[in-house]
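The residues making up each chain are set out below.
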Amino acid sequence: MLRISRHSPTHSRRTPPRTLAAAAALLCLAFTCAALPHSGAAAAEPRTADDTQPTAPLTPQVPAGVTAGVAVFDRQTGTFTEQLNASATFRSASVAKLLLALDFLWNRSPADIPDADRARLDAMLRSSQDSAANHYWSTYGGPAIADRMITRLGLVDTAPPPAGYEGHWGYTGISARDTVKIYRHLLETAPGDVRDFIMQRLRQSTRCASDSFDQHFGIAAAFNRPWAVKQGWSAFSTKGACGPGSSTSARTQAGSTAPATGAAGVDLSRPALHTTGTVGTGDRSIVAVLTLHADGTPYGKAYTDLGRLTRTLNVPGGTAPTGTWYGTWGSDVAVRNDPALGDNLLTRLPAGVEVLVGCQKRGQAVSVPPYTNDWWAYLPQYGGYVTNIYISHPDNQLPDVPLCPQQQRFRTLPEKE
């Protein structure tokens, strides 16, 4: 058994600076480096899912440095179970794509639309494709789409993009309570074929968006299926690394010359990350969590903070997944189909993101000097494994995570990850 501790057992999570520097240099051979583990680690202490799924109404716990608007509506009782700054207006980012789809289908049946539109809507709703949104925005009136949908749905906080930025559909202002209204229209008053067409695609949301950002944050990570989501993100400087392929350029929808604020004081510059959708059998709860983060916040940290906030919400019909939440460190950390290196890459994690660990097992020993470890963590929400080297914990084997069923031993020859 190879057991080279990643941290001194007598100096919890502390590593000598020169050792870290050597590790960083070697790690960069295989990864786009971010931060190595240090005192305090890359994320907070692990928490179990049971600790974060409340059984009674709970004031949303907003992480430090995050501005949030929250609304949770229980369709079974017809009441809100959570409201926090629910009328505050945020730039919508890709949540605006719900309005684009509803506007296009307002007087159309999905059965009658051309194949090209079916393909565009599928990519826009499932994978948040920006080029599809650009097509509908430019073809059907731009800001007039927002104006039409405000009138049709009785939205009170929604506003088109500010003057001078009419081409930016992501600058459409929206609130958490208006987002609930959009979903209520879709579920309760829209024609059945329109409802089924849109909701089916939101239920089939792809983990990797078309711009290679991992979009299964918030609702998609905090609750077991059934759920349906339309997410939004904007103004992150990092690149998307989701999927087995190479990274793509960061989304620049907002543009580098964006004003600090738009109409009604809507912030157009800080990084935005939103999770919206439904949770539970029969789409029982509608959830809208809109967030802004401090300038320069990495995508993985915003992803983690939004997840922590979402897990504190009282969402009737929602069930938390089983496992333990852990922070990770490093960039472009590989999630693999098996606990071994090779041609088995599933995707890569956002740098420093918190992940749910379901179980662990021994596999191929991996060496990222000065660390060597043959334990691997299984991430049920990804359907794959990461080497425990990149889990923010001082021990090779995680103490509170069970062994995976049919635990088997892989070869122990260390190889560099």
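Everything below is about the structure shown above.
Residues numbered from 1 in each chain as written. Predicted model: local features only at pLDDT ≥ 70, side-chain atom pairs only at ≥ 80, totals over all residues. Heavy atoms only, no water.

Judged by pairing direction, the sheet is antiparallel, and its five strands sit side by side in the order 3-2-8-7-6 without closing on themselves. Each edge of the open sheet carries a strand with a single partner, namely strand 3 (79-84) and strand 6 (227-234). Within this sheet the neighbouring strands show an average axis-to-axis angle of 5 degrees, counted without direction. Inspection of the sheet shows strand 2 (residues 67-74) paired to strand 3 by five bridges, in the antiparallel sense. Bridging from a neighbouring strand, Ala71 pairs with Gln83 of strand 3. Lying over the sheet, helix 7 (residues 176-189) contacts strand 2, strand 3, strand 6, strand 7 (272-279) and strand 8 (285-292), oriented at roughly 145 degrees with respect to strand 8. (Pairing = 2+ DSSP bridges. Helix = DSSP H or I, 4+ residues; strand = E, 2+ residues; numbered from the N terminus. Axes fitted to C-alpha atoms, helices over the stretch in contact; angles between N-to-C directions. Contact = heavy atoms within 4.5 Å.)

On inspection of all chains with the given rule, the structure shows 19 salt bridges. As a salt-bridge pair, Asp74 and Arg284 come within 2.9 Å of each other at their nearest N and O atoms. Here the residue Asp74 occupies a position in strand 2, and Arg284 occupies one in the loop between strand 7 and strand 8, the gap between them amounting to 210 residues. Given a relative accessible area of 3%, Asp74 falls into the buried group. Residue Arg284 is classed as partly exposed on the basis of its relative accessible area of 23%. Across the pair Glu188 and Arg184 runs a salt bridge whose closest N-O atoms are separated by 3.3 Å. Linking Glu188 with Arg184, this pair stays in helix 7, spanning four residues, or about one helical turn. On the basis of relative accessibility, which here comes to 38%, the residue Glu188 falls in the partly exposed class. (Salt bridge = Lys/Arg side-chain N within 4 Å of Asp/Glu carboxyl O. Buried < 20%, exposed > 50% of the residue type's maximum accessible area, 1.4 Å probe, protein only.)

Ranked by size, the top nonpolar core spans 50 residues in total, and within it Leu349 and Val357 carry the most contacts. A per-element tally of this core places helix 10 (residues 299-311) first, with five residues. Leave out the neighbours within four places in its chain, and Leu349 touches Thr328, Asp332, Val333, Val335, Val355, Leu379, Tyr382 and Val386. Within the second largest apolar cluster, 45 residues are counted, among which are Ala133, Leu155, Ile182 and Ala288. (Core = buried A, V, L, I, M, F, W, Y, C linked by side-chain atoms within 4.5 Å.)

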